[in-house]
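Descriptive analysis of the structure
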Amino acid sequence: MGSLHINGGKPLVGEVSIQGSKNGALPLLTATVLIQGKTVLHNCPGITDINAMAELLKSIGCIVTMDKNTITIDATHICDTHCPQKQVQAMRSSIMLLGPLLGRCKSVRMSRPGGCVIGARPTDIHEMALRQMNVRFEEEEDTIFAYTDSLIGADILLPFPSVGATENVIMAAVLAQGSTRLRNAAREPEIVLLCEFLRKAGARIRGIGGSELEIEGVKKLREVTMTVMPDRIVAGTYLLAAAATRGQVLLKHAPPHQMHSLIHLLRTMGAEVFADDDMIYIDAEEATGAVSYIKTGVYPGFPTDLQSMLLSVLAVAYGESVVEEAIFEDRFKVVEPLQRMGAQLSTEGRKVRISGVAKLRGAQLRACELRGGAALVIAALAADGESVIEGCHFIDRGYENIARDLRCLGADISRRDDVRIR
């Protein structure tokens, strides 16, 4: 599984290109099931979650070919709607096959999805919404079995703007009978990308980018080619790493128009941030200020996926900060390892209170989930001395090669596959 070895304590300086979006590519891969033909996706990130989804698509009869960052999926012949347990439990995003398989094949059976342990991530909102579209659910221990005679459009109000539930309803609705009105829909850029992909394939979707969508079902979708947008969370990771180390970093092929909340926060901390169409430059030499209070939220709020990394930055800021997590109830697993590095943090329910220290110290650490692992990397870059981070397989779920990218920015970081923490 490997470990990362980091000698920290120096500013990041340099430039790096941002990979394709994990959370953008995965829904597109599941949506290819709706197309009885070939789909070509460019700029897919080379990460383990993408590989796992490709294997899952193969298991139900798709022909999947991968050439560097281009993936071609031929879903002409779907032979099975029973998703294998191993692939499903490898990642949370497998739940996004519910809508497409119901739309294409009228049934699906899968284990309850796995993924990172950051708190409860129930499927009840997905099931509630799909039931309104004439879908029936049966539970067999830890298995979801869903089926329908025919998907029927409905007026659906989500109790919470869940990204996954929004994606499932959209993908179920494009081939359903009649029209579907989806209210309180998630507005994340990844939702917009999915809608644009489906509309390019012939779907009829109105209200893209807003919280209310109208989808008129069509008989069939056509073959399509699409380019995946850059990953805003990876870009945010490297901006926060620059802030923690007081560095100067240029991000190429970045999506600044999707990152207003983070850019505003960094400027509040004292960083100079300049953005153009597809690049972001940060000079974080003066990014030393604390953040009195910030709360994660659905887009366009501050992303929950960057919350753990922000804790690493605020741990070395001057003054008191408070971060509240409003999306997941157990996303503070990074607090304890940061404390072992000398950070002064304390949890109060869904809030973390941070008193900044002058320096963190290197330590032996273990990642236990994707974004928390990236947060430990940032902390190690800012710390004096050497840090060893195990659990690289979690980080690999979302980052093509975090060690390579950070070396482009001057970091002293290497990956080894034969070291274990005792």
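Quick note: structure is the one above.
In what follows, the accompanying structure is described. (Residues numbered from 1 in each chain as written. Predicted model: local features only at pLDDT ≥ 70, side-chain atom pairs only at ≥ 80, totals over all residues. Heavy atoms only, no water.)

It is worth spelling out the sheet that holds strand β7 (residues 136-140) at this point. Strands sit in the order β6-β8-β7 across an open sheet of three strands; the sheet is antiparallel. Looking at which strands have only one partner, the edges of the open sheet turn out to be β6 (107-111) and β7. Strand-to-strand twist of the sheet, defined as the mean angle between neighbouring strand axes without regard to direction, takes the value 15°. Against the sheet, helix α4 (residues 98-105) touches β6, β7 and β8 (143-147), its axis set at about 150° to β6. (Pairing = 2+ DSSP bridges. Helix = DSSP H or I, 4+ residues; strand = E, 2+ residues; numbered from the N terminus. Axes fitted to C-alpha atoms, helices over the stretch in contact; angles between N-to-C directions. Contact = heavy atoms within 4.5 Å.)

The next thing to look at is helix α6 (residues 163-173). Most of α6 sits inside the fold, with 10 of its 11 residues counted as buried. Buried within α6 we find G164, A165, T166, E167, N168, V169, I170, M171, A172 and A173. (Buried < 20%, exposed > 50% of the residue type's maximum accessible area, 1.4 Å probe, protein only.)

With 78 residues, the main nonpolar core has L251, L311, Y399 and L406 as its most contacted residues. Counting 76 residues, the second largest nonpolar core, distinct from the first, contains A25, L101, A129 and A172. (Core = buried A, V, L, I, M, F, W, Y, C linked by side-chain atoms within 4.5 Å.)

Further remarks concern the pairing of β7. The side chains of a regular strand alternate between the sheet's two faces. With five bridges joining them, β7 and β8 adopt antiparallel strand pairing. When the sheet's bridge partners are listed, R136 is paired in β8 with Y147. Hairpin connection between β7 and β8: a loop of two residues separates the two successive antiparallel strands, and E141 in this loop has a positive phi of roughly 55°.

Moving on to the sheet that holds strand β20 (residues 351-355). Here four strands make up an open sheet; going across it, the order is β17-β18-β20-β19 and the pairing mixed. With partners counted over all chains shown, the strands left at the sheet margins are β17 (294-295) and β19 (344-348), one partner each. Both strand β18 (residues 320-324) and β20 contribute to a ladder of five bridges, which runs antiparallel. Counterpart to V322 in the pairing with β20 is R353. Taken strand by strand, helix α10 (residues 307-314) contacts β17, β18, β19 and β20, and its axis lies near 175° from that of β18.

The residue after Y299, namely P300, is reached through a cis peptide bond having omega 15°. Of note, K68 is a non-glycine position whose phi angle comes to about 55°, a positive value. Along the chain, the position of K68 falls in the loop between β4 (63-67) and β5 (70-74).

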